[in-house]
Amino acid sequence: MATWFNRQSRLVQIILLLIPVVNWVVEILVRWSAFLKTKSLVTLLVAILVTFFGLAFGWLDLIWCLLFKHLIFAKA
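Residues numbered from 1 in each chain as written. Predicted model: local features only at pLDDT ≥ 70, side-chain atom pairs only at ≥ 80, totals over all residues. Heavy atoms only, no water.

## Some details on the overall build of the protein chain
- Helix and strand counts for the protein chain come out as four helices and zero strands.
- In the protein chain, the succession of α and β elements from N to C terminus is α-α-α-α.
- Computed over its C-alpha atoms, the radius of gyration of the protein chain comes to 11 Å, within 12% of the 11 Å expected for a compact globule of 76 residues.
- Across its three principal axes, the protein chain shows a C-alpha extent of roughly 30 × 25 × 20 Å.
- Within the protein chain, the proportion of its 76 residues that are buried is 39%.
- Per element, the accessible surface of the protein chain, about 4,500 Å² overall, is 81% carbon and sulfur. (Helix = DSSP H or I, 4+ residues; strand = E, 2+ residues; numbered from the N terminus. Rg over C-alpha atoms; globule rule 2.2 N^0.38 Å. Buried < 20%, exposed > 50% of the residue type's maximum accessible area, 1.4 Å probe, protein only. Areas by Shrake-Rupley, 256 points an atom, 1.4 Å probe, with all protein chains shown as cover.)

As structure tokens, then:
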């Protein structure tokens, strides 16, 4: 899922991150798939944080995605 998200155009990424509930679902899917791929402790901590505080974390990721075209700690 992280690879799929990173392959999308920047416009699609931004639209997915702008819609609040969709943002949270996309964040959870991308974060947990990134963790399953990398098995990193940092990725696990971010995945857990996004699971509970995803709506707030999503706005930070929206800005990060505008700048770098991937989510924080989810470049797969």
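Right, picking up where we left off after that structure.
## Thoughts on unusual backbone geometry
- Positive phi outside glycine occurs at Lys 39, with the angle close to 55°.
- With respect to the helices and strands, the residue Lys 39 is situated in the loop between helix H3 (20-38) and helix H4 (41-68).
- For Lys 39, a relative accessible area of 56% puts it in the exposed group.
- Despite not being glycine, Phe 73 shows a phi value in the positive range, around 60°.
- On the basis of relative accessible area, Phe 73 is assigned to the exposed category, the value being 52%.

## Topic: the pattern of salt bridges
- By the definition in use, this model includes two salt bridges.
- In this structure, the salt-bridge partner of Glu 27 is Arg 31, at a minimum N-O distance of 3.4 Å. You can see Glu 27 and its partner Arg 31 sitting in helix H3, four residues apart, about one turn around the helix.
- Here Asp 61 makes a salt bridge to Arg 31, at a shortest N to O gap of 2.4 Å. With a gap of 30 residues between them, Asp 61 in helix H4 and Arg 31 in helix H3 connect regions that are remote in the sequence.
- The exposure class assigned to Arg 31 is buried, which follows from its relative accessible area of 1%.
- The structure contains a network of salt bridges with shared partners spanning Glu 27, Arg 31 and Asp 61. (Salt bridge = Lys/Arg side-chain N within 4 Å of Asp/Glu carboxyl O.)

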